[in-house]
Structures are given as C-alpha cells and as structure tokens.
There are 2 protein chains.
Amino acid sequence: MTKRAVIALGGNSLIKKGQSGTIYEQFANTRESCRSIVRMIQDGWDVVITHGNGPQVGALVLQNQAAKDITPEMPLGICVAESEGLVGYMVQQCLSNALKREHINKSVIALITQVIVDPHDPSLAHPTKPIGPYYTEDEALTMLKQGYQMTRLPRGWRMVVPSPEPVRIVEGEIIKKMLDDGIIVIASGGGGMPVVEKEGWGLDGLEAVVDKDLAAERLAEAVDAHVLLILTDVEYVYLDYNTDAQRPIETITYSSLKEQYHACKFPVGNMGPKILATLRFLEQGGERVVISNIEQGWEALQGKTGTTILPD
Amino acid sequence: MTKRAVIALGGNSLIKKGQSGTIYEQFANTRESCRSIVRMIQDGWDVVITHGNGPQVGALVLQNQAAKDITPEMPLGICVAESEGLVGYMVQQCLSNALKREHINKSVIALITQVIVDPHDPSLAHPTKPIGPYYTEDEALTMLKQGYQMTRLPRGWRMVVPSPEPVRIVEGEIIKKMLDDGIIVIASGGGGMPVVEKEGWGLDGLEAVVDKDLAAERLAEAVDAHVLLILTDVEYVYLDYNTDAQRPIETITYSSLKEQYHACKFPVGNMGPKILATLRFLEQGGERVVISNIEQGWEALQGKTGTTILPD
C-alpha cells in the first residue's frame, strides 16, 4: 500500500537569513527544497505539499501600504491568496522540472485553498500574531492611528493580526481525490485563506492568517496521511532551546511530548504550533510526525536525523 | 451527453468603469458574474472558467514599483501568479456560495496555471501590450531610464510588455480529467504564467503576459469544449465599432468572420484577439463561439442576444 505524507515547508526556507527575497533567491531556495520531495516520490510516496508564506505575505502587505494612495489596499486574506499564487507557482514549476529530470512522469498542481475557522475564535477579537517588518515607535503610532493593530517587541514594533484555529480545509475532499488519482498536490499555502461559514450565505473571508503547521495537520487528516513531515530551519526539536541546557530530541512518544508541551518547553511563536500540530495528528490516528530542516527532509524521514514523534 | 464550455470573463468586468477596485467592489462584481455560470451549471453544462487580470496585475505592478526600495520588485510573471491567487479565490468562493444557495452540490477549484509559449515568438523582442496606468511624459522618461519599455498613446504613456502567443496549457490534461470527474475548474487566469521549455531543464518563466482570450481558446482545445463563451463589456461584436456605420453582428459563420477579420474590421487591442480566438476554436472543431457582455451570458448562450459564430 502506498504511504501518504503531508510535507509542510517553512516560509522562511524560501527566503533565507540575510537574503532580501529577490525572485531569483526564492526560486533557487525552492529548487533546493524540492530535493527531499523528489526522493520521497521516487520511493513511492503520495505527497501533498504545503508551505508557509510569512516573508511573502509580509512583502505584499508592505507593497499594499506603499501604494495605498494610488491603488486600493487589499485586505490580509487577499494578500494570503496572492502569496498562494506566487509560492504555488514556484513550487509547482520547480518540483515538476525536478521530477522530469529524474524521468518521473507525475503531474503537479497547485490549488487555491480556503480554511474554515470558528467565527467565535478568541483570536479574532485579540490579534496576537506578528507579521511584516519592524517599525520605529513613531511609525507604529501613526499606524495605530490608521487602524492597524500593533505590538511592541524587543526589536521594535510590528503589526499583529488574528490567527484563528483551522477547523477544516474547504478543498480537503478534492485534494484527497487528486492524491488517489496519483497527482502531486500543493495546497493550503500560508495556512489557506481563513473563511467563516455564514448561514444562508456561504463562505466569507476574514482579515486573519492561519498557522500553516496547524493547517497542515488538518490537511493531513483530510487526506488520511500516514506521516506529517514538518521541514523548518532547525535540524531537531530541542528541549530548553537557546539555553545552556538545550538538547535535541531524536525520538519521543506522544505522551512524553505532550508532557513537555504542557510544561512550556517550546517557544510559543515558533516551535509551539508545530508541537501542537504533532499532538493533534497523532490523536487523529497519524502514524508518525518528523520534524527537521529542509535540507535533510529525506534523511529525517528515514530516521537518520531530525526528531521523530510516534504514538504511545 | 454533457455539453462542455470554456467561459472567459473579462478582467475589466471585475473592476468596472468609474470604480477604483476596492476588494468590496471586486467581490460584488464577481458575484454578479457568477449568475450566468450558475444557470449553465443548472442546465447541465460542464464548465471551466478563465478570467482576465488587466486591472489586478496593473495594481500589483504599481504596488511593486511603489515599494521597490523596501522590498524586492517581483517580475511580471510573478504578478500574474499573484493575480491568479486573488481572482481565483474570489471566483471560487463566490461561485461555490451561489451554487450552494441553489442547492447544487458541485466542487469548485482554482488552479495555478502555466502556458507554454515559443521562445522565438516575435513579441518577446518587441513588446507591444500596454499594461498598468497612464503616466506623464516626465514619469515615462524616468521609467525608460530605469529599463521599463514604454509607449506613447493618445491618453498618455503606458508600460508595454511582450505578449507572446499561447502554444499549450501546461495543466490542460489535468483540467480535462477534473471536468470528467464533475469538478468545476477555474484555470489559466490572466492567460496563465508564460513559460518556455528548456532542453535539459524544464519550464522557465518569462516577463510577459499572454492574452487571456487566446489562452482560453487553447484551454478549450485541451478540454474538448463544445462552446467557447467570451464575456466582456459589450453586448455584441460590432462591425465598424465606434463609427457612424457601427452595427451589431447577431450570427455569423466562420468564413464571413474571417473575411471581416482580415479586412481589419475589429480593433487590434480589444476585440481583435477575441475574434482570432474564435477563428482558431472553430478551426479546431469547436461547435460554437458566443461573445456578449457578462450580465447576459446565459441569454447569449441561448441565442437571445450577443454574437454567435458558427462553423461554415
């Protein structure tokens, strides 16, 4: 039986530290990210690829602000949709080129994806997710007056937006059908566009962003994936990260990880959602979660590096 | 047997004359555009929807220029991909809401779409397609120095970009399969991202835009459509448009239309490509092309208004 995986690529892996994010840099990084994916497909895996969009959506927000006197500013949900176009196109083209060079005859498609959230999600009333660049205090005060929500962080001020919990991927059933048909699917980019269901109306978009790892987990549920592979910029999940006591986790079971999670052993904004996604996936019957860096995804899947989390 | 149609929505229909193009206007116009599509689906048609992106890609180009000192400017092909995300999301959400309200249980998906062009297409060396806003002569001179290609038009200066001929829709086969499976597909938005095939490498993007009606025709070939329905901002195709001799065409055959086309009876930048797409589709065995305005698409398909073009 074919094994099925959802691969979640970190948005920062497409624009690396020190890069400004030109399209040439982004394409080069995307090609590098495809290496592990090609190896998995060669090995017979069905894959759905999802990706972050932090730097890309940040750039779109900046572009919208810079041009707002000459062309109407688009809301955040629309910037997410635009980033799905941008990143979806890059991954689709790079992956399908890489497969062709390996003489693998598989179709790759990228789907615009919506994700249902709860209209009563507490995050909608209390935005906490920082996006975009850092601002000075003066700039932040001006933006506050213009109606943006801002927060002061150690390095400066940033915009904050709601980040509601993903409930269900709208296109989940179709994505599963495409996988069943042997198609490689890119979906739920940037977490997907958050929408609420309105009685008598249908779906309606929101000014918010959904965490892409939590959305990847919902996607993994929707397609009955065996494995959730989260590729980011660290080789392992670490306990007591960035302290003298920092140590990598190689293998851990669900209950031990849950204990560490509730003891707040992982940074909230970074590794926290990945761990939460991991716990949920295993609770839903997932067989395995692997977390490692983009460069070593294939090796991590084989247990040669990275953190593997297993059911109890 | 199910009838199959490709519906090409004009980009200007989503931002109407006198509108600035806020997201609220665009969503309202998109909902209006869906009315005819819903009627066709109720009537049992398989449909693929494609759309223009002129105003949307123009806005993205402006936003990129306005922010170029703070975040890297994205090339035109990437702006097209972003506009596919934006418009694809709007059409997908509005159409699927409208279908649900009519109790039609059909899935709607939007696909990122690439279109193959010939690397030796003469347009690549001689850009002629105007995009984006009008500039003053001073602004245009500055932009020329920055490397943009500009052209002087009666109302002012505009950027011009290459617009190569579409050869083949990369995702055509998959789109056909989805239609066969009863899925409603949105594809090839803004003509699709133009790519060339490079020996030993694969596909590579270009700084260009493809005419969306010519791309719609390639899409119609790829999915074996019976009908190509081109919805724009005029009710009929007119002979001697905007002259005292202007008269609408109700029904015309392939050969008569071809004769008028070669006698240059249609404006090059506007109706010209629609007529060329029409001729090609009928040459490839298409049964019928209908051209009318967005509001009356359904009525035009039934022959109650609009221009119908039939094989000889």
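Predicted model, so just to flag it, every value in this text is computed and none were measured.

## Overview of the sheet that holds strand β8 (residues 166-169) of chain B
One key point about sheets: their strands pair by backbone hydrogen bonds, in either a parallel or an antiparallel sense. Spatial ordering of the open sheet is given by β8-β4-β10-β11 (chain B), a layout of 4 strands whose pairing is mixed. Of all strands in the sheet, those bounded by a partner on one side alone are β8 and β11 (202-205) of chain B. Taking the axes of each pair of neighbouring strands and ignoring which way they run, one obtains an average angle of 45 degrees across the sheet. For strand β4 (residues 114-117) of chain B and strand β10 (residues 193-198) of chain B, the ladder comprises 3 bridges, and the chain directions are parallel. Considered in β10(B), the bridge of B:Ile116 is made with B:Val195. Where helix α3 (residues 76-101) of chain A meets the sheet, its contacts fall on β4, β10 and β11 of chain B, and the angle it forms with β11(B) comes to roughly 150 degrees.

## Overview of the interface of chain B and chain A
At the interface, 51 residues of chain B touch 51 residues of chain A. For the pair chain B and chain A, the summed buried area comes to about 4,400 Å², and 65% of that belongs to carbon and sulfur atoms. Note that B:Asp181 is salt-bridged to A:Lys177, the shortest N-O span being 3.4 Å. Seen at the junction of chain B and chain A, the total is 16 residue pairs in polar contact (both at pLDDT 80 or more). Counting residues per element, the ones that place at least two in the side of chain B that touches chain A are α1 (23-42), α2 (54-66), α3 (76-101), β3 (108-110), α6 (172-180), β10 and β11 of chain B. In terms of residue count, α3(B) provides more of the side of chain B that touches chain A than any other element does, 11 residues in total. A breakdown of the residues in the side of chain B that touches chain A according to their chemical character gives 27 nonpolar, 16 polar and 8 charged.

## Re the pattern of salt bridges
Pairing is possible between side chains of opposite charge, provided their charged atoms come close. Residue and element names in this part refer to chain A. Enumeration according to the criterion identifies 40 salt bridges over all chains in this entry. A salt bridge links Asp224 to Lys176; the nearest nitrogen and oxygen atoms lie 3.9 Å apart. Taken together, the positions of Asp224 in the loop between α7 (212-222) and β12 (227-232) and Lys176 in helix α6 (residues 172-180) put the pair 48 residues apart, joining distant regions of the chain. For Lys176, a relative accessible area of 25% translates into the label partly exposed. Through salt bridges that share partners, Arg4, Asp46, Lys176, Asp180 and Asp224 make up one connected network.

## Thoughts on the relation of the copies chain B and chain A
Note on the copies: chain B fits chain A at an RMSD of 0.1 Å, the axial shift is 0.0 Å, and the rotation between them is 180 degrees. Classification of the inter-copy transformation places it as that of a two-fold axis. Of all interface residues in chain B, 100% are interface residues in chain A too; the two copies therefore contact each other through one and the same surface.

## Digging into the packing of aromatic side chains
The tally for this structure, following the rule as stated, stands at 6 aromatic pairs over all chains. Considering the side-chain rings of B:Phe27 and B:Tyr89, the 6.2 Å spacing of their centres and the 85 degrees angle between planes classify their relative orientation as edge-to-face. Of the two residues, B:Phe27 sits in helix α1 while B:Tyr89 sits in helix α3, which places them 62 residues apart along the sequence. With respect to class, B:Phe27 is no different from B:Tyr89; both count as buried. Grouped by ring-pair contacts, the aromatic residues A:Tyr236, A:Tyr238 and A:Tyr241 constitute a single cluster. Directly above the ring of A:Tyr134 sits A:Arg158, whose terminal nitrogen or CZ lies 5.1 Å from the centroid.

## Section: the confidence of the model for chain A
On average, residues of chain A score 94 in pLDDT, and 99% of them are at 70 or above. For this predicted complex, the interface confidence reaches an ipTM of 0.95, while the overall pTM sits at 0.95.

## Considerations on the environment of B:Val161
All names here are of chain B. Structurally, the position occupied by Val161 is in strand β7 (residues 156-161). Placed 49 residues apart in sequence, Val161 and Val210 show a C-alpha to C-alpha distance of 9.9 Å. Non-local contacts of Val161, meaning those with residues more than four positions away in its chain, are made with Leu76, Pro127, Thr128, Lys129, Ile131 and Val209.

## What about unusual backbone geometry?
For A:Asn242, which is not a glycine, the phi torsion comes out positive at approximately 65 degrees. Mapping A:Asn242 onto the fold places it in the loop between β13 (237-239) and β14 (247-249). On the basis of relative accessibility, which here comes to 65%, the residue A:Asn242 falls in the exposed class. At B:His103, a position not held by glycine, the phi torsion is positive, near 60 degrees. Classification of B:His103 by relative accessible area gives exposed; the value is 73%.

What counts and how
- Residues numbered from 1 in each chain as written.
- Chains lettered and ligands numbered in written order.
- Predicted model: local features only at pLDDT ≥ 70, side-chain atom pairs only at ≥ 80, totals over all residues.
- Heavy atoms only, no water.
- Pairing = 2+ DSSP bridges.
- Helix = DSSP H or I, 4+ residues; strand = E, 2+ residues; numbered from the N terminus.
- Axes fitted to C-alpha atoms, helices over the stretch in contact; angles between N-to-C directions.
- Contact = heavy atoms within 4.5 Å.
- Buried area = accessible area lost by both parts, 1.4 Å probe.
- Salt bridge = Lys/Arg side-chain N within 4 Å of Asp/Glu carboxyl O.
- Polar contact = N/O pair within 3.5 Å; in protein donor to acceptor, adjacent residues only side chain to side chain.
- Nonpolar A, V, L, I, M, F, W, Y, C, P; charged D, E, K, R; others polar.
- Buried < 20%, exposed > 50% of the residue type's maximum accessible area, 1.4 Å probe, protein only.
- Least-squares fit on C-alpha atoms with pLDDT ≥ 70 in both.
- Phe/Tyr/Trp six-rings, centres within 6.5 Å; stacked < 30°, edge-to-face > 60°.
- Lys NZ or Arg CZ within 6 Å of the ring centre and 35° of its normal.
- pLDDT = per-residue confidence, 0-100.

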